[in-house]
Each structure stands twice: as structure tokens, then as C-alpha cells.
Amino acid sequence: ARGLTRRFVANKPLFGAASIVQAVNGIDLDIAEGETFAIVGESGCGKSTLARLLSHLIEASEGSVIYDGRDISILSGKALRDLRREMQFIFQDPFSSLNPRMTVGALVGEPLRIHKIGTPSERRAKVAELLRKVGLRPEHADRYPHEFSGGQRQRIGIARALATGPRVVIGDEPVSALDVSIQAQVVNILEDLKDEFGLTLIIIAHDLAVIRHIADRVAVMYLGEIVELGDAAELFAAPGHPYTEALLSAIPIPATGARKVQTKIEGDPPNPISPPPGCRFHTRCPYAEDQCRTERPVMREIAQGRQVACHLAERLTLEGIVGTEKTR
Ligand code: SF4
Ligand code: MG
């Protein structure tokens, strides 16, 4: 993606100019084939909008997405249908995204019918195979979504997303609505299927804990912008941006369930209609200096494969203020 931007008109006033929300603001991003790429941030940071822009479910206000060497914004007709087939979505709430009056078999097979793949009996066989792949049984095809638990319904959602043989699967908070005990199971299924089918996975999450074990790379978003991007293991070991550090400090320690002592992130994110000048994070950043309030930091490489948008990234990292275990 290059310069990807999406604006929305928010609450049109009676007089004066409408408020414009820059939901996604000039994002540059490269996602490699076969990787698991996570996009993380608080709700309202623009991560879902970014995912929809990447798959052309919504139009960009500016910028472009190049997929397989082609600008997807100019695709139409068959080329656009092929793109839909190749890029599938898994949504947050498996129940609301599934039509309750359709059987599981009809739901999972629907993408096959839409894309006119196979004969009815081939489609039935494919549905049975998909249900087995996600840990359900072929006879579940005759039942209805409400007969299943949240975790099982999300498995149904995954089976449905895989029906057309996609190359890219985008999960928009695929496990956020599930119990913590079920989340890992569903994430593991996604990971197994990714390996089996050679998928590129894009996972949107507000919680770093969810993607900790599956993401190859992570992009951290704040108010419509990416503030840190890098290898997942490295980013978890040593965050380079104060916001990433704050997100990480909010992850419970698995052994005790206790929150890490220092949760530096305070308050709600600022109103996206009028983001703060300078660094958008400065109103909540514990390290903010004068420069942060006026000058906008741009993404720059602070280490191989690691980009951070923070004026003080090197200093904070070098001095061990951000990014070392002991300070978190
Ligand atoms: Fe904090 Fe300044 Fe870095 Fe923004 S640029 S994250 S305000 S230190
Ligand atoms: Mg969302």
C-alpha cells in the first residue's frame, strides 16, 4: 500500500463545514506473500478501515494498493470477482455475520455458489471437507448456527472464508468476541490452515496478546497512522515506540494473570476529527517533549526491518527507557 488514506464525513453540522475524519492517514505498507501480518491498535484507530482498504471492500480517498503487481482500485468485472475470491474476510462476531436461517452447510457453501464453483454434489463434498478442516463434523452441515458455541461459530466462519480457496485471509478481530480460553484454539486453527493452504494472513486485533504467538510482523496503529512496524518477536521483546510499550504493558502476565505494574497509557484516544498537532500520541505519551507537540514524527528505520514514528526513538531505546523488560 502506498499513501493509503480514507476520510469520512462525520456528523454533518447545520452550519459551517462538515467534520472530516481522517480514518486512515497516508499509510505505506508492504505485506509479503505467506506471512502472518498483524495490525494492532485501540478501537477507532482505523485498523478495520485499513483492512477494508487493503481488500478494496471500501474505496481509498487517496493512495493505492498493489496486489500481485496490479492496482486493485481499477479492477472491475471478472478481475474484481477474482480478487474477492482470493481475499476473504473473517469477521469479529461470528453469530451476527452468519444468517441464522441458513444451515451451516448452506453458509459454508454460499461462497462456492456465488462464485459458481463446482456442481451441487461437489459443493456438498467440499463443505464436508471444510468442516472437518476446522474441527467440526460433516453432519454439522444440516444444523443451524445458533446450535453452536461462539468458538464453533467462528470455526464455521473460517470454513466459509476458506471455501473459495483464497490466497489472502483477513481476520478482523476474529477472536475478540470469544472467551479467552477459546481464543487460543481458534487462533491455532487459523495458523494450521495458513500453513496447510499457504495463506497470507492479515489479523486485526486490539490486544497484542492475541497475536503474540502467530504474527510474523506487526504494525501498530494510533489515530489512523502506523507508529511502529517490525518483526513480531523483536517488537515484543523491545518495543521502539512509547505507544507500543504502553500496549504491551497492558498485557496480563500469563502465569499470574496480574497486569504488569506500569500501565502508562491513560485516558481515551483524542478525537480523530481534530487529532493533536505534532505527534498524535503526545497527549498521552509519558516522554513527550516540546518538539513532540509541534513536529510530526515520520516513520523511519531505527534497526533492520524496524520502523518507528517517534522523535525520541533512538534515545529512549538507547537509554533503556522504552523497550527493556526491566522498565515494563
Ligand atoms: Fe512520545 Fe514524542 Fe515519541 Fe510522540 S514523538 S511518541 S510524543 S516521545
Ligand atoms: Mg474494528
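Residues numbered from 1 in each chain as written. Chains lettered and ligands numbered in written order. Predicted model: local features only at pLDDT ≥ 70, side-chain atom pairs only at ≥ 80, totals over all residues.

*Asks:* Looking at this structure, how should I read the overall build of the protein?
*Replies:* Scanning the protein from terminus to terminus reveals 11 helices and 13 strands. Expressed as a percentage of its 328 residues, the buried residues of the protein come to 40%. A fraction of 62% describes how many contacts in the protein between residues 6 or more apart in sequence connect residues 24 or more apart. (Helix = DSSP H or I, 4+ residues; strand = E, 2+ residues; numbered from the N terminus. Buried ≥ 20, exposed ≤ 12 C-beta atoms within 10 Å, placed from the backbone. Contact = placed C-beta atoms within 7 Å.)

*Asks:* Is there a simple way to think about the packing of helix α5 (residues 150-162) against helix α6 (residues 180-197) in this case?
*Replies:* A pair of packed helices is captured by two measures, namely the crossing angle of their axes and the spacing between those axes. The interhelical angle for the contact between α5 and α6, taken along N-to-C directions, is 20°, at an axis separation of 10 Å. By the angle between their directions, the pair α5 and α6 is classed as roughly parallel. As for how α5 packs across α6, the hand of that crossing is right-handed. Note on element contacts: α6 touches α5 through I182, Q185, V186, I189, L190, L193 and F197, opposite G150, G151, Q154, R155, I158 and L162. Its residues assigned to classes, the contact of α5 with α6 shows 8 nonpolar, 4 polar and 1 charged. (Axes fitted to C-alpha atoms, helices over the stretch in contact; angles between N-to-C directions. Parallel < 35°, antiparallel > 145°, perpendicular 65-115°, else oblique. Left-handed = near helix turned anticlockwise from the far one by under 90°. Nonpolar A, V, L, I, M, F, W, Y, C, P; charged D, E, K, R; others polar.)

*Asks:* Just checking my understanding: could you explain the site of ligand 1 for this structure?
*Replies:* Neighbouring residues of ligand 1: 13 residues in total, closest C279, H282, C285, C292 and C310. Considered class by class, the residues forming the shell around ligand 1 number 10 nonpolar, 3 polar and no charged. (Near = placed C-beta within 6 Å.)

*Asks:* Which parts of the structure should I look at to understand the pairing of strand β8 (residues 168-172)?
*Replies:* For β8, a buried count of 4 out of 5 residues is recorded, marking the element as mostly surrounded by other parts of the structure. Looking at chain direction, strand β7 (residues 87-90) and β8 are connected through 4 bridges and run parallel. Each bridged residue has a counterpart across the sheet, and for F89 the counterpart in β8 is I170. Relative to strand β9 (residues 200-205), β8 runs parallel, the two sharing 5 bridges. (Pairing = 2+ DSSP bridges.)

*Asks:* So what exactly am I meant to see when it comes to the environment of T283 here?
*Replies:* Following the sequence through the fold, T283 ends up in the loop between α9 (242-249) and α10 (290-294). Residues T283 and P270 lie 13 residues apart in sequence; the distance between their C-alpha atoms is 7.9 Å. Each residue touching T283, except ones within four places of it in the same chain, is listed here: P270 and P276.

*Asks:* Would you explain the environment of V134 in this entry?
*Replies:* Tracing the backbone shows V134 in the loop between α4 (120-133) and α5. Considered as a pair, V134 and D179 are 45 residues apart in the sequence and their alpha carbons are 18 Å apart. Leave out the neighbours within four places in its chain, and V134 touches R155, I158, A159 and I189.

*Asks:* What am I meant to see in the sheet that holds β8 here?
*Replies:* Whenever strands of a sheet pair, they do so through backbone hydrogen bonds, lying parallel or antiparallel. Read from one edge of the open sheet, 8 strands run β7-β8-β9-β3-β10-β11-β13-β12, paired in mixed fashion. Edge strands, defined here as strands with exactly one partner in the open sheet, are β7 and β12 (300-303). Strand-to-strand twist of the sheet, defined as the mean angle between neighbouring strand axes without regard to direction, takes the value 25°. Where β12 and strand β13 (residues 306-308) come together, 3 bridges link them in antiparallel fashion. The partner of R300 across the bridge, within β13, is V308. Packing of helix α1 (residues 47-54) onto the sheet brings it into contact with β3 (36-40), β8, β9 and β10 (217-222), and relative to β9 it is tilted by some 155°.

*Asks:* Just checking my understanding: could you explain the packing of helix α3 (residues 104-114) against α5 for this structure?
*Replies:* Interaxial distance between α3 and α5 falls to 7 Å at its minimum, and their mutual angle equals 30°. Put simply, α3 runs roughly parallel to α5. Taken together, the residues of α5 that come into contact with α3 (itself represented by V104, L107, V108 and P111) are I156, A159 and R160. Along the lines of polarity and charge, the residues of the contact of α3 with α5 split into 6 nonpolar, no polar and 1 charged.

*Asks:* Would you mind showing me how to read unusual backbone geometry here?
*Replies:* As a rule of thumb, non-glycine residues mostly have phi less than zero, and peptide bonds are mostly trans rather than cis. In the Ramachandran plot, H56 falls in the positive-phi region, its phi being about 60° despite a non-glycine side chain. With respect to the element layout, H56 can be found in the loop between α1 and β4 (62-64). Unlike most non-glycine residues, K116 shows phi in positive territory, near 50°. Position of K116 relative to the elements: it lies in the loop between α3 and α4.

*Asks:* I'm lost on α9 in this one. Help?
*Replies:* Since the α-helix turns once every 3.6 residues, residues separated by three or four places project in the same direction. Within α9, 7 of the 8 residues are buried, leaving the element largely enclosed by the surrounding structure. What α9 keeps buried is the set P242, Y243, T244, E245, A246, L247 and L248.

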